[in-house]
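The primary structure of each chain is shown beneath.
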Amino acid sequence: MATQHSRSAARLMMAPAVILLLGWMLVPLTMTLYFSFKKYLPLRGGDLGWVGFDNYTRFITSSAFWPSIQATLIIVGSVLAITVVLGVLLAILLDQPMWGQGVVRILVIAPFFVMPTVSALVWKNMFMDPVNGLFAHLWNAFGLTPVEWLSQASLTSIVMIVSWQWLPFATLILLTAIQSLDSEQLEAAEMDGAPPLYRFAYITLPHLARAITIVVLIQTIFLLSIFAEILVTTQGSFGTKTLTYLVYQRVLESQNVGLGSAGGVYAVILANIIALFLMRIVGKNLDA
Amino acid sequence: MSRTVTTQRKAINTALAWGIGLLIFFPILWTFLTSFKTEATAIADPPVFLFFDWTLENYSVVTERSDYARFLWNSIFIAGGSTILGIIVAVPAAWSMAFVPSHRTKDILLWMLSTKMLPAVGVLYPIYLLFIKMGLLDSRLGLTLVLMLINLPIIVWMLYTYFREIPGEILEAARMDGATLRSEIIYVLTPMAVPGIASTLLLNFILAWNEAFWTLNLTAAKAAPLTAFIASYSSPEGLFYAKLSAASTMAIAPILILGWFSQKQLVRGLTFGAVK
Amino acid sequence: MGQITLEKVTKKFGNVEVIPPLDLTIHDGEFTVFVGPSGCGKSTLLRLIAGLEDMTSGTLRIDGQDATAIPPAKRGLAMVFQSYALYPHMSVRKNIAFPMRMAGVDQATQNAKIDAAAKALNLTDYLDRRPGQLSGGQRQRVAIGRAIVREPSAFLFDEPLSNLDAALRVGMRLEISELHKKLATTMVYVTHDQVEAMTMADKIVVLRAGHIEQVGSPLELYHTPRNTFVAGFIGSPKMNLIDGAEAEKHDAHTIGIRPEHIDVDAQGGPWQGKVGVAEHLGSDTFFHIHDTGLAETITVRAPGEVSFDHGDTVFLTPRDDKIHRFNAEGLRFS
């Protein structure tokens, strides 16, 4: 397959994609790095000179920083845990013989296709509103005081909304993985006298390990950068300010570009730590 | 695997699965139903499900008030344009990596995926600034380019996994049969990869349609797609649930339908072919 | 015309030398088979001839002309792949037409050639089907049809029968042989199956680790294998190779005797052993004899039905004129 001719053609054909992505990565990142060492306030005097690592120390020592890291990790971690656990259970359920399997599948997948602004607004208003929301009606029906979801249980609410969006993804992938399990393996285990729970723990679950890894990887990519869900619900108040949202506020809302850029660099570093860890897993899968 | 399952067992499974399925689907169903209610019915306590006076009024109000057609067209333009551009750039790259792999192929693929992990906020201001300088802010073209770039890694990956399933011998046969590289790609590879390319198109259209960081931050009145259209409902005036529901239904319906049609291919696409 | 000459051809993958310097001439019209165990470089050699791999060094000549740098499409060779490599999205007719379409042959000529090829290969009724709707043997014939219409100066076959079941394989073997007789075009055929090599070839090239171990007609290889490797590889069941004292009696390091050149009876003979497994084929009986003190197992082929059972003691008599002698390097001497 690999002659000199085809190899040089291949390099040529790969060039556009590589150059575009390289540009997309390097140009703005370099600019962010550049701004992060400057006091730069576009609306209040513009470029006010170099300040060394000032922005970095100020960003990390600001009272909003650690809470934002915490909020980010809580949201990503909780959503991952919820979607993987419920996803496995739901996938197993959907794999059982039943009537109308196709329709149920469609129902379960649907939330994945709902755009983030829609799902956030629908949940915020029609379900979580303390006066007119369905949850409030439900709580009233049982004689309880309605919860002010987005202020009293703000992180929980965001986790709920985001989990609802991503549960279909996890379920669909895990279901596909379960269906690819060779039924002879399970039958062999049954012949060997393994009860159902053991068959699940020693055969189904290990078989799912790879799929779970992939679910975690891909969801992490997307979850680290959730934005619209916060913008249209709490706008970062009540402890839901993630790192992404904090940087957004510094850069576009208060137009403190230097400080925001330093925050952006932190976000890049955080993402890279996780990415490095995940890349290793994907790389291994790539060889298989 | 042909063991008889008792009807009772099957009935329990069915009831459980349908119950959970409907629970998960409920917010969408509720939105859909609410879009046909009057504002007063929409917040009625206890809630009304099916037995109300169905009205299309919300749809006409929403369409008139906010120029729905323009947002819709922006969404179609941006999602469609970025996907097609992405495919044009990605097909040759994926061909190279799938059929002429070198020891660096794996590194390049992983690197591409890693650019997808780059947090958008890290480059928000530079992009914002560049867009102002180049006059791309609030333009469909600018947004199309950005969405193409953020989805390019996924497009390349998906195509790569589809191409890898095409036996290299077939392309070699074409080469022996006298095909040039160009005719090899046009007459042999592309027709064989049509299903893969189609599902790549579909998935990336959906991802671009629902993208809500850049579409919210880089557009204002002119180029805003449906994501921004909906976000404009986040600061409500008066009773608005029914109108919100109508607007939401119109924003998600096209994608929901596309998504249902494509659910089989989605898994592959979303997992970079790692789960089959 | 189709004479293929390889001069000092080498191939390296990275630092691994797959083909050490190799010289070989394939004459026009010859049916040449490359045979050897898997990983011996036979497929690589074929792909070098096809131009699907670059040679690291050396020269390839086709009809005397230097073809080293010519791309595969321009070498005038046609190839039949192991997986047939049919285009799944095209009908049989379009598959066969593809090389002509690429060469810009006019429609009328295309149709005439397709019809002729389809008739010769019994594919006329299947021209409008897709490859997926055909059986393995039919697919194989489509692949051959696609090769024929190019009127190549040589056909290259890369293990073309290995995906067929045993019965079909025998049939296709005959068809390819007949095609060769009819077209009288050079054919280069790669296989790991020595039976295919023996039955089809004019000339067999036995390869091991990229080296040519021996080149010759099937019967030359059978009667005078150049070394112990060829001796063991050609012929079925395998030649018995015996070291040690028994070999020294013949002034050799190793002696070889084919199973069909050993007589077996219950009365007496120079060698003695116990029957392990007896395989009754009807036409022949194969005995695997243990405890001879010569080698772990001695295989004997007796014509017709001979009834010895597991555990019977038997006597073996090798025919002295059929004993092959090899020196310490494994090379034949006489």
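Conventions we followed
- Residues numbered from 1 in each chain as written.
- Chains lettered and ligands numbered in written order.
- Predicted model: local features only at pLDDT ≥ 70, side-chain atom pairs only at ≥ 80, totals over all residues.
- Heavy atoms only, no water.
- UniProt positions renumbered as here; feature names shortened; annotations may be inferred.
- Pairing = 2+ DSSP bridges.
- Helix = DSSP H or I, 4+ residues; strand = E, 2+ residues; numbered from the N terminus.
- Contact = heavy atoms within 4.5 Å.
- Buried area = accessible area lost by both parts, 1.4 Å probe.
- Salt bridge = Lys/Arg side-chain N within 4 Å of Asp/Glu carboxyl O.
- Polar contact = N/O pair within 3.5 Å; in protein donor to acceptor, adjacent residues only side chain to side chain.
- Nonpolar A, V, L, I, M, F, W, Y, C, P; charged D, E, K, R; others polar.
- Axes fitted to C-alpha atoms, helices over the stretch in contact; angles between N-to-C directions.
- Domains from an automatic or database assignment.

Labelled according to an unreviewed UniProt entry, chain C appears under the name Sugar ABC transporter ATP-binding protein, originating from Litorivita pollutaquae.

In the nomenclature of an unreviewed UniProt entry, chain B corresponds to Sugar ABC transporter permease from the organism Litorivita pollutaquae. Here is the UniProt Sequence similarities (unreviewed entry) comment for chain B, exactly as written: "Belongs to the binding-protein-dependent transport system permease family." Word for word, the UniProt comment on chain B under Subcellular location (unreviewed entry) is "Cell membrane".

*Asks:* I keep staring at the pairing of strand β1 (residues 4–13) of chain C and nothing clicks. Help me out?
*Replies:* Residue and element names in this part refer to chain C. Relative to strand β2 (residues 16–26), β1 runs antiparallel, the two being bridged by 7 bridges. Within the sheet, the bridge partner assigned to Lys11 lies in β2 and is Ile19. In sequence, β1 turns back onto β2 through a hairpin of 2 residues, with Gly14 there showing a positive phi of about 65°. Sheet topology places β1 next to strand β4 (residues 57–62); 5 bridges connect them, and they run antiparallel. Paired with Ile4 across the strands is Ile62, a residue of β4.

*Asks:* Help me out: how do you make sense of the interface of chain A and chain B in this one?
*Replies:* Accessible area lost on assembly of the parts is the figure often given for the size of an interface. Between chain A and chain B, the residue contacts involve 100 residues of the former and 106 residues of the latter. A combined buried area of about 9,400 Å² lies between chain A and chain B, and 79% of that area is made up of carbon and sulfur atoms. For the pair chain A and chain B, the interface holds 0 salt bridges. Inspection of the region where chain A meets chain B yields 10 residue pairs in polar contact (both at pLDDT 80 or more). Looking at the side of chain A that touches chain B element by element, the count peaks at 21 residues for helix α1 (residues 4–36) of chain A. Of the residues belonging to the side of chain A that touches chain B, the class tally is 75 nonpolar, 16 polar and 9 charged.

*Asks:* Quick question: what am I supposed to make of the sheet that holds β1(C) here?
*Replies:* Within a beta sheet, neighbouring strands are joined by backbone hydrogen bonds and run either parallel or antiparallel to one another. All names here are of chain C. Overall, antiparallel pairing links the 4 strands, which are arranged β2-β1-β4-β5 in an open sheet. Each edge of the sheet is formed by a strand with only one pairing partner; in this case those strands are β2 and β5 (65–66). Looking at chain direction, β4 and β5 are connected through 2 bridges and run antiparallel. Residue pairing in the sheet places Ile62 in a bridge with Gln65 of β5. Helix α1 (residues 42–50) rests against β1, β2 and β4 of the sheet, and its axis sits at about 115° to β1.

*Asks:* Mind showing me how you'd approach the UniProt feature "domain: ABC transporter" (unreviewed entry) in chain C here?
*Replies:* The residues that UniProt annotates with the feature "domain: ABC transporter" (unreviewed entry) are residues 4–234 of chain C. Secondary structure across residues 4–234 of chain C comprises 37% helix and 26% strand; the distance between its end C-alpha atoms is 25 Å.

*Asks:* It is not clear to me how the environment of B:Asn204 should be interpreted in this structure. Could you clarify?
*Replies:* Residues and elements named next belong to chain B. On the secondary structure map, Asn204 appears in helix α9 (residues 181–210). Separated by 122 residues in the primary sequence, Asn204 and Ser82 have C-alpha atoms spaced 8.5 Å apart. Those residues in contact with Asn204 that lie beyond four places of it in its chain are Thr83, Asn151, Ile154, Ile155 and Met158.

*Asks:* Can you help me understand the domain arrangement of chain C in this one?
*Replies:* Residue and element names in this part refer to chain C. According to the domain assignment, chain C consists of domain 1 (4–230) and domain 2 (238–326). Centre-to-centre separation of domain 1 and domain 2, based on C-alpha positions: 38 Å. The interface is formed by 6 residues belonging to domain 1 together with 8 residues belonging to domain 2. Of the roughly 540 Å² buried where domain 1 meets domain 2, counting both sides, 60% is carbon and sulfur surface. The largest contributions to the domain 1 side of the interface with domain 2 come from Tyr222, Pro225 and Thr228, which together make up 81% of the buried area. Taken together, domain 1 and domain 2 are joined by 0 salt bridges. Considering every element that reaches the side of domain 1 that touches domain 2, the biggest residue donor is helix α7 (residues 218–223), with 3 residues. When its residues are assigned to classes, the side of domain 1 that touches domain 2 shows 3 nonpolar, 3 polar and no charged.

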